[in-house]
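# Structural features, examined
Now for the letters of each chain:
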Amino acid sequence: MPTDAHPGPLRVLVLGAALRAASTNARLAALVGRIITAAGAVVDLAGMREFDMPLYDGDAEAERGLPDGALALRDRLERCDAFVLASPEYNASVPGVVKNAIDWVSRVRPQPFKTKHALLVSASPSLVGGNRGLWALRVPLEHLGTRVYPDMFSLAAAHQGFTEDGQLSDPALQQRLEETVTAFLRLVEADARYVCLQRRWYEFPGDRTGAPVTQRAED
């Protein structure tokens, strides 16, 4: 008989999307991971250095296939119910290493970003906290069918935004981050546990999941 039971706790990939080891986005990713763990989900904490891959080149793909780093990221995505990206902002947009990873992984069939839930967070020494980069990051992910959570979290003045134990220096921001992550997990849990529901994520009014526009990333 059909069942709504999800096999075990939720699984969430938390990716610190900066290459720099001391990145504040790595610290933010680790904090988000602890919040998710405290909520009872299983966290796969990763850093972008684990997924080394060259610049996307269609000729290289045709000759050698996808690089190991892209396949490794594909595997980690496929094992999760949702993912969190803690991404820096470079020149008011998406870091090249992040966009390059998305471009490579998007070449996998079936397309692993499609229907995954995602939460976007950022940390930056600037006064906008990397928020402009997150808005730019939504575009390729949503194009690929990722269900990007409407709310995002950006930590401004991140170079002085953490305590020694890895919490946020501002208690109000710490509370907001916890509330954002918790609300995101509730949405993921509803989708994962109540599988009898029709899973539809409309890009445009009246769009259907079977319409060609929603399949373009897989064609």
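Presented here is an overview of the structure given in this document. (Residues numbered from 1 in each chain as written. Predicted model: local features only at pLDDT ≥ 70, side-chain atom pairs only at ≥ 80, totals over all residues. Heavy atoms only, no water.)

## Quick word on the overall build of the chain
- If you tally the helices and strands in the chain, you get seven helices and six strands.
- Of the regular secondary structure in the chain, the N- to C-terminal order runs β-α-β-α-α-β-α-β-α-β-β-α-α.
- Counting every position in the chain, which comprises 219 residues, the buried fraction comes to 47%.
- Contacts spanning at least 24 positions in sequence make up 77% of the contacts within the chain whose residues lie at least 6 apart. (Helix = DSSP H or I, 4+ residues; strand = E, 2+ residues; numbered from the N terminus. Buried < 20%, exposed > 50% of the residue type's maximum accessible area, 1.4 Å probe, protein only. Contact = heavy atoms within 4.5 Å.)

## Observations regarding the pairing of strand E4 (residues 117-123)
- The buried count for E4 comes to seven of seven residues, which makes it a mostly enclosed element.
- A two-sided burial pattern is seen for E4, the buried positions comprising His117, Leu119, Val121 and Ala123 on one face and Ala118, Leu120 and Ser122 on the other.
- Of the pairings in the sheet, the one linking strand E3 (residues 82-86) to E4 comprises five bridges and is parallel in character. Across the sheet, Ala86 pairs through a bridge with Val121, a residue of E4.
- The parallel pair E3 and E4, bridged by helix H4 (residues 96-105), forms a crossover whose chirality is right-handed.
- In terms of strand pairing, E4 meets strand E5 (residues 147-148) through two bridges, oriented parallel. Bridged to His117 within E5 is Arg147.
- Pairing of E4 with strand E6 (residues 153-155) involves three bridges; the strand directions are parallel. Residue Ala123 lies in a different strand from E6, and its bridge partner there is Leu155. (Pairing = 2+ DSSP bridges. Right-handed = clockwise from strand over helix to strand, strands pointing away.)

By themselves, these are just geometric observations and shouldn't be taken as functional.
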